[in-house]
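# A structural walkthrough
What follows is each chain in one-letter form.
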Amino acid sequence: MAFELETDAELPLADSIYCDSLLSIVAGDVLKALLEAGVAMEVALTRLLVDVSTTQPSSPAKASFIRKDGDRHPFGRKFSEWTEKLGLDPIGSFTFDGAPPKWHETALELYKLRNGVAHGGQVGISSTFHEVVKAMFSAGALLQYCRSQREQLGLPVFSMPANISPWQQVMLCHDAHFSIASGLITAVLA
């Protein structure tokens, strides 16, 4: 990430909000962490769908997404329907090294928790810290899915150091210890 810091490259909003959610969970602010992770997922997915819908060649599905304001549809519909309609890889079969099992199901549950926080200031159920951390990793997996789809389609992707993905950086968050490092800055939060 040192190159991005040196060149003032703009971190995608979804990634920035997701990093905030990781800091919130380490600080013990579960509600804020859930809210931020849910927002990060929606921003990443919506941005992907909007960008895909404006690529060439045009298609009936892309035109329908634009005409029906698909970017304004509920998260679950974008997640389950629009990814498929726009020809993206099925979310349910997307995996990568270190991916949480059934991450896509947990991501949908996380979004429901996000709604509880956003609309009522609470989650409505008693979530354990472990469940919240699991949800945080599912949000990271969705961001990885979006990044992967962008790369496959030749859409712009925030660059990372050679052989390092944002998911690998997220793996540094473990047991409430979070380590952040770059060529310019090193910080450890515990």
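Each value, and the rule that gives it
- Residues numbered from 1 in each chain as written.
- Predicted model: local features only at pLDDT ≥ 70, side-chain atom pairs only at ≥ 80, totals over all residues.
- Heavy atoms only, no water.
- Helix = DSSP H or I, 4+ residues; strand = E, 2+ residues; numbered from the N terminus.
- Contact = heavy atoms within 4.5 Å.
- 1 Å grid on protein atoms, 1.4 Å probe; cavity = no way out; pocket = protein on both sides within 12 Å on 5 of 7 lines; lining within 4 Å.
- Points joined across faces, edges and corners; volume = space filled by probe spheres on them.
- Nonpolar A, V, L, I, M, F, W, Y, C, P; charged D, E, K, R; others polar.
- pLDDT = per-residue confidence, 0-100.
- Salt bridge = Lys/Arg side-chain N within 4 Å of Asp/Glu carboxyl O.
- Buried < 20%, exposed > 50% of the residue type's maximum accessible area, 1.4 Å probe, protein only.
- Phe/Tyr/Trp six-rings, centres within 6.5 Å; stacked < 30°, edge-to-face > 60°.
- Axes fitted to C-alpha atoms, helices over the stretch in contact; angles between N-to-C directions.
- Parallel < 35°, antiparallel > 145°, perpendicular 65-115°, else oblique.
- Left-handed = near helix turned anticlockwise from the far one by under 90°.

So, on to the overall build of the chain. Within the chain, the regular secondary structure consists of eight helices and two strands. Helices (α) and strands (β) of the chain occur, in sequence order from the N terminus, as α-α-α-α-α-α-α-α-β-β. Within the chain, contacts between residues separated by at least 24 positions form 71% of all contacts whose residues are at least 6 apart in sequence.

Attention shifts here to the layout of surface pockets. Approximately 330 Å³ is the volume found for the second largest pocket. If you go around the second largest pocket, you meet 16 residues; those closest to its centre are Pro 12, Asp 15, Arg 47, Arg 150 and Pro 156. At the level of elements, helix 2 (13–26), helix 3 (30–53) and helix 7 (129–153) are the ones that each hand at least two residues to the lining of the second largest pocket. A per-class count over the lining of the second largest pocket returns ten nonpolar, no polar and six charged.

Now for the confidence of the model for the chain. Scored by pLDDT, the chain comes out at a mean of 81, with 75% of its residues at no less than 70. Overall, residues 172–190 carries pLDDT values under 50, and its contacts beyond four positions in sequence, including any with other chains, amount to 32 contacts.

Let us now look at the pattern of salt bridges. Applying the stated criterion across every chain yields a total of eight salt bridges. Linking Lys 32 and Glu 36 is a salt bridge whose minimum nitrogen-to-oxygen distance equals 3.3 Å. One end of the pair is Lys 32 and the other is Glu 36, both in helix 3 and four residues apart, which spans about a single turn. On the accessibility criterion, Glu 36 (12% relative accessible area) is buried. One network of salt bridges, in which partners are shared, links Arg 47, Asp 51 and Arg 150.

Now for the packing of aromatic side chains. Scanning the model with the defined rule gives six aromatic pairs in all. Where Phe 75 meets Tyr 111, the ring centres are 4.2 Å apart and the plane angle is 20°; that geometry is what we call stacked. Of the two residues, Phe 75 sits in helix 5 (residues 75–85) while Tyr 111 sits in helix 6 (residues 103–120), which places them 36 residues apart along the sequence. Taking 5.2 Å as the distance between ring centres and 80° as the angle between the ring planes, the aromatic pair formed by Phe 94 and Tyr 145 counts as edge-to-face. Of this pair, Phe 94 sits in the loop between helix 5 and helix 6 while Tyr 145 sits in helix 7, and the two are 51 residues apart along the sequence.

The next point concerns the packing of helix 2 against helix 3. Running from N to C, helix 2 and helix 3 point in directions that differ by 165°, and their axes come no closer than 8 Å. In terms of orientation, helix 2 and helix 3 fall into the roughly antiparallel class. In this structure, helix 2 meets helix 3 at a crossing whose hand is left-handed. Of the residues in helix 3, those in contact with Leu 13, Ala 14, Ile 17, Tyr 18, Asp 20, Ser 21, Ser 24 and Ile 25 of helix 2 are Val 30, Lys 32, Ala 33, Glu 36, Ala 37, Val 39, Ala 40, Val 43 and Ala 44. Residue classes in the contact of helix 2 with helix 3 are distributed as twelve nonpolar, two polar and three charged.

Turning our eyes to something else, we now look at unusual backbone geometry. Residue Gln 56 is joined to Pro 57 through a cis peptide bond whose omega torsion reads 0°. Tracing the backbone through its elements, the reader meets Pro 57 in the loop between helix 3 and helix 4 (60–67). Even without being a glycine, Asp 69 presents a positive backbone phi close to 50°. With respect to the element layout, Asp 69 can be found in the loop between helix 4 and helix 5. Residue Lys 102 is not a glycine yet carries a positive backbone phi of 50°. Residue position: Lys 102 is located in the loop between helix 5 and helix 6.

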